[in-house]
Amino acid sequence: MRVPLEWLREFVDLADVPVDALVDRLPGVGLGVEAVERVGDDTVLELEVTPNRPDCLSILGVAREVALLLGRPLRAPGDAGARGLRRLTRGVEHSAAAGARLGAAQRVAVRIEDPGGCPRFVASVIEGIWIGASPSWMQRRLEAAGVRPINNVVDVTNYVMLELGQPMHAFDYERVSDHALTVRRARPGEALETLDGAVRALDETMLVVADEERAISLAGILGGRSTEITPDTTTVLLDAAHWDPPTIGRTARRLGIRTEASARFERGTDPEAPPQAQARAAELLTTLYGARVLRGMVDVYPRRIAPRVIRLRPERAASVLGIEIPRDEIVRILRALGCTAEGARALTVRVPTHRPDLTLEEDLIEEIARIYGYDRVPLTLPRGDTTPGITSPSLVADREVRETLARCGLVEALTLTLTRPETAAEAGGRPALLRNPLTRDHAALRTSLLPGLIEVLATNAARRIGNVQIFELGRIFQSRGPEDRPEERRSLGIAVMGRWRAGWNVPEEQVLADLFHVRWILDALLGSLGMEGQRVAPPATPQPWWHPGRAAEVSIGEHVVARFGELHPDYAQRHRLPHRAYLADVDLEALYRISAGRGRVAPGSPGAAPEAPAAAAPPIVPAGTYAGLPHFPDVERDLAAVVPADLPAARVEEIIRASAGPLLEAVELFDVYTGPPVPPGHRNLAYRLRLRAPDRTLVAGEVEEIVENVRNALRTRAGAQLRV
Amino acid sequence: MREDFGDLHEIEQQAEREAAAAQTPEALEEVRVRYLGRQGLVTQAFRRLGTAAPEERPRLGQALNALRAAVSSALASRADALARDAREARLAAERLDVTLPGRPLAVGRRHVLTRTMEEIGEIFRGLGFQIVEGPEVEHDHDNFERLNIPPYHPARDAQDSFYLGGGWLLRTHTTVVDVHVLDAHRPPVRALSYGHCYRRDPVDASHSPMFHQVDGFMVDEGVRFSDLKGVLIHFARMFFGPDTRTRFVPSYFPFTEPSAEMAISCVICGGRGCAVCKRSGWLEILGCGMFHPRVLEMAGIDPQRYTAFAFGMGVERPAMLKHRIDDIRLFFENDLRFLRQV
Ligand SMILES: [Zn+2]
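Residues numbered from 1 in each chain as written. Chains lettered and ligands numbered in written order. Predicted model: local features only at pLDDT ≥ 70, side-chain atom pairs only at ≥ 80, totals over all residues. Heavy atoms only, no water.

Engineer: Help me understand the overall build of chain A in this model?
Structural biologist: Each helix and strand in chain A was counted, giving 23 helices and 31 strands. Taken over the C-alpha trace, chain A has a radius of gyration of 39 Å; the compact-globule value for 724 residues is 27 Å, which it surpasses by more than 25%. Seen through its principal axes, chain A has C-alpha atoms that stretch 125 × 60 × 50 Å. When contacts within chain A are restricted to residue pairs at least 6 apart in sequence, those whose partners lie at least 24 apart make up 69%. (Helix = DSSP H or I, 4+ residues; strand = E, 2+ residues; numbered from the N terminus. Rg over C-alpha atoms; globule rule 2.2 N^0.38 Å. Contact = heavy atoms within 4.5 Å.)

Engineer: What is the right way to look at the side chain of Ser659(A) in this model?
Structural biologist: Residues and elements named next belong to chain A. Relative to the helices and strands, serine 659 is located in helix α22 (residues 649–660). On the basis of relative accessibility, which here comes to 17%, the residue serine 659 falls in the buried class. Here the side chain of serine 659 touches isoleucine 656 through a polar contact of 3.2 Å, landing on its backbone oxygen. Setting aside residues no more than four positions away along its own chain, serine 659 makes contact with Asn709, Val710 and Ala713. (Buried < 20%, exposed > 50% of the residue type's maximum accessible area, 1.4 Å probe, protein only. Polar contact = N/O pair within 3.5 Å; in protein donor to acceptor, adjacent residues only side chain to side chain.)

Engineer: Would you mind going over empty space enclosed by the protein with me for this structure?
Structural biologist: Over the atoms, a rolling probe the size of a water molecule traces out where space has been left empty. Taken as a whole and assessed by the stated rule, the structure comprises two cavities of 30 Å³ or more. Taken as a whole, the largest cavity encloses approximately 120 Å³ of empty space. Val29(A), Gly30(A), Thr50(A), Arg53(A) and Arg370(A) are the residues nearest the centre of the largest cavity, which is lined by 17 residues in total. Of all the elements, helix α14 (residues 361–372) of chain A adds the most residues to the lining of the largest cavity, at three residues. In terms of residue class, the lining of the largest cavity is built from five nonpolar, four polar and eight charged. Here the second largest cavity defines a volume of roughly 60 Å³. Residue lining of the second largest cavity: Arg316(A), Val320(A), Glu362(A), Glu257(B), Met290(B), Phe291(B), Pro293(B), Leu296(B), Pro303(B), Tyr306(B), Thr307(B) and Ala308(B), and that is the complete set. Of all the secondary structure elements, the ones that give two or more residues to the lining of the second largest cavity are α12 (314–321) of chain A together with β9 (282–291), α10 (293–298) and β10 (307–314) of chain B. Of the residues belonging to the lining of the second largest cavity, the class tally is eight nonpolar, one polar and three charged. (1 Å grid on protein atoms, 1.4 Å probe; cavity = no way out; pocket = protein on both sides within 12 Å on 5 of 7 lines; lining within 4 Å. Points joined across faces, edges and corners; volume = space filled by probe spheres on them. Nonpolar A, V, L, I, M, F, W, Y, C, P; charged D, E, K, R; others polar.)

Engineer: Looking at this structure, I do not really get the pairing of β10(B). What am I missing?
Structural biologist: It is a general feature of regular strands that their side chains alternate between the two faces of the sheet. All names here are of chain B. In terms of residue burial, β10 counts as a mostly covered element, since seven of its eight residues are buried. As defined by bridge partners, strand β6 (residues 210–220) adjoins β10 across eight bridges and the pair is classed as antiparallel. Paired with glycine 216 across the strands is phenylalanine 311, a residue of β10. By the bridge criterion, four bridges tie β9 to β10 in an arrangement that is antiparallel. The residue of β10 that forms the bridge with glycine 289 is alanine 310. (Pairing = 2+ DSSP bridges.)

Engineer: Can you walk me through the coordination of the zinc ion in this structure?
Structural biologist: The reference angle at a metal is 109.5 degrees if four donors form a tetrahedron and 90 or 180 degrees if six donors form an octahedron. All names here are of chain B. Those donors, Cys266 (SG), Cys269 (SG), Cys274 (SG) and Cys277 (SG), are the protein atoms that reach the zinc ion, and they lie 2.2 to 2.3 Å from it. Between the four donor atoms coordinating the zinc ion, the angles at the centre fall across 102 to 114°, so the site counts as tetrahedral. The sequence pattern formed by the donor residues of the zinc ion is C-x2-C-x4-C-x2-C. Note on accessibility: cysteine 269 and cysteine 277 belong to one class, buried. (Donors = N, O, S within 2.8 Å, 3.2 Å for Na, K, Ca; no water. Tetrahedral: all angles 85-135°; square planar, octahedral: opposite > 155°, others 65-115°.)

Engineer: Would you explain the sheet that holds strand β1 (residues 2–4) of chain A in this entry?
Structural biologist: Note: strands within a sheet are paired through backbone hydrogen bonds, in either parallel or antiparallel orientation. Residue and element names in this part refer to chain A. If you walk across this open sheet you meet the three strands as β1-β3-β2, and the pairing is antiparallel. Edge positions in the open sheet fall to β1 and β2 (32–39), since each of these has one partner strand only. Direction aside, neighbouring strands of the sheet carry axes that sit 25° apart on average. Pairing of β2 with strand β3 (residues 42–48), which is carried by seven bridges, proceeds in the antiparallel orientation. Paired with alanine 35 across the two strands is glutamate 46, which belongs to β3. (Axes fitted to C-alpha atoms, helices over the stretch in contact; angles between N-to-C directions.)

Engineer: Is there a simple way to explain the side chain of His242(A) in this structure?
Structural biologist: All names here are of chain A. Position of histidine 242 among the secondary structure elements: in strand β13 (residues 236–242). Since its relative accessible area comes to 7%, histidine 242 is described here as buried. Reaching out from histidine 242, the side chain makes a polar contact with the side chain of threonine 269 at a distance of 3.1 Å. In contact with histidine 242, not counting residues within four places along its chain, are Gly117, Cys118, Pro119, Arg120, Thr269, Asp270, Pro271, Pro274 and Ile305.

Interpretation in functional terms is not warranted from these geometric data alone.
Here you go:
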């Protein structure tokens, strides 16, 4: 709401109040000042008015708040004096019968078919008007308030709306067929050309003002073209009505229209304001342009809206606010707000009609605190039982995952969940699509974190940052049908490219990220979650974005918990990546469940929405248990086996572990060799075995026996030739 | 007889001179052999001891032992000196240009927004809040109606949502998590959640279709607006620093009554006024209030018996203030140079 100060001064004395002081104090009553602007030789305040305060979408409403803030009386606008203000604020007597006796009633008929949508409609007729420009003072005020001057009649309706908060509409009287207005629901298929030239398709949920033939105005939102004021207009039919806020809000949103009128009506205007607005408009039209206002106005008010009465318990106010405000003070504040307040213990409060937002005791408590001053409420800490401060196990696990990866040298990225539908589809499954995306680039929910991370590699590469190690932890989504809630899963993506160690004279080939770099990161991650016994194997169903010979699946029990591999060189090239890129995709949802000891992840399970955790939820990150340091020395033995090249190393290791028995503490692969003298189609794998007994020093004999077992097993089960 | 043994003193002095003159371990070894070796001068002198007169033998033996000790000691100290020289020469040769740059290892980092959310979470956890989470896809009913925001309500304008169909939408605020917690738990409850939120805002320097929020609430008998102020001021001082001042002004949220906005003294200018705080000295960072009775009623909690305070804030803004970040898009662009700085 733009408030020119010289206009505001007509309602409240600001002569001795510096602008800065006013600007400082307005937020204290809830009127945020967005901007202070010089316009000509006046100052305009741009106020932030919250949706519950339609009354402050007017100079009068803001003046009421300012008067309250300064403890000053509200005064009459212009030269009208105190009498004028009383007329404005008290309104005129309304009565359907009143119209019947007086002038306007003979010239216009008003019928309300939907009193729920339109509780009140006031019409007046003005004759002998010459359409022209408004005087410059009025144009200046309108422009300062952000409204474009159009012609003297339309300007008066806008002026009154800005001043009093009651929107009005002017029809060319002669162009209203039969001079009869009906407020009704639009008919199916009915169309209306509005003032902006657009033809609107209406439906039965929408209210219109119609003449005998057709809809001539979109009620409370925008007038129609056919009855517009033109330079030839001589007689004007003015309407000021009260509309049901949700009806106006719904229609405005359905049609995508937002006008000064709809903004006020959808928030709720004062049902007592229409006759006041008519009186003010009549005053301006007669004094400025010598127009003749037909005596009386047609005031159809089928459903009288009575001022609301609310019971207020001062002790409730004290217990909600945490401060005892004296009863006298409460009564003073309520009266200053225009309420009446009476009663011995609980107060019976009658709320003025211009405050439709005040409906409950809590609303009054807020008003009292607002005027009393939020800054006067003390600072306390909550009383009562303490509650344990606990973090949900999944969030604790998230933190562990992030820290483990950061310790591995990875930087956390955060990409948008929204992506292109093709990207989401390519990454797997059926993406959930947005019904109302802003752009095609953000029209689907991601189905994997990897495309976003590849994009991060590409973005950085384009900025000449070729060494990138990143991860992201977030949710991925799968559609379960267009009307159903999508499946939501916690996921982790890892992407590495280029050198993981920099510096002079460090040979690049030794520090470029590769498949086994990612593998180690995954092992570290699984270890931090207390996982063991994971198996790595080539993927059951290879997917096109992986290098066909460099991709793997990690499984625990029945469940594939991660995939990793090299990005297919074609994809890398498409994204102009300067190095080979290695990726991992981890199903954290499954990992967390396994780690929490539930392990009930059915394949394709819904991955139900994460729930608020109960205090008893099992931890996901194990505490880590001290197993003691060894008391007896170990024995190390090296072993080199020439095995068929296509025999997976994991299988060789499995055979070693199985055949070595419980005294094998560790087995470490330290060399992989192909080439002479190893025969073609074979490779040499060199392992170091560490043996240890927990309770004694091993003797040579038993060590040799174990090693011999392993050698035999490798010969018979892996077809190995053993070098000494 | 004396001649047979020569002048022992002369031998000692000669041995010491030769040892001192040896420049290499090999030359020193030659000196040792010459005196202490099997044919060495000292060894031969011992062999002749038997030929000396019996009454001379003890004195002569003593003198010979002293000679052997002196020669050995001269050899040993020269050996030490040679070893020390050799070590020093080696170390001198190993000298490095210590001003050469270090060889970096990759240093990882959690995202600044993650750290900001976790930091906020930790502050409230210390006040007995449980830290929880909720889904990112919510139903219109929970996201809006349960928070007292009916369809077509003007308050929805500020929360234009992305719809998926069937009334499902991307949550516009984490306040919706409060609803789930209220449904699942009975008072007393203190809970806080954070995470992604989505609004249909065109992208600019301060708007992103995806952003982050933190929301918390406390429900119990006798929870007061003054408790809200006390708790939030504690938070502001923990997060922004002990000298932070706060200001509470009236505001409006459909789900709170009374509603307030908390501003902190500008962290850029200290409250004197600058471009960031639009010359006001204050920065609005947080919306809050007492839960509207309807919100408690819809969760089956009697608003006459229980009261609750609630608050919510964007995460980007405090992070931007703390780290002096001037464009929200930087958070989601993932330029490594940015991610490593903040
Ligand atoms: Zn500042």
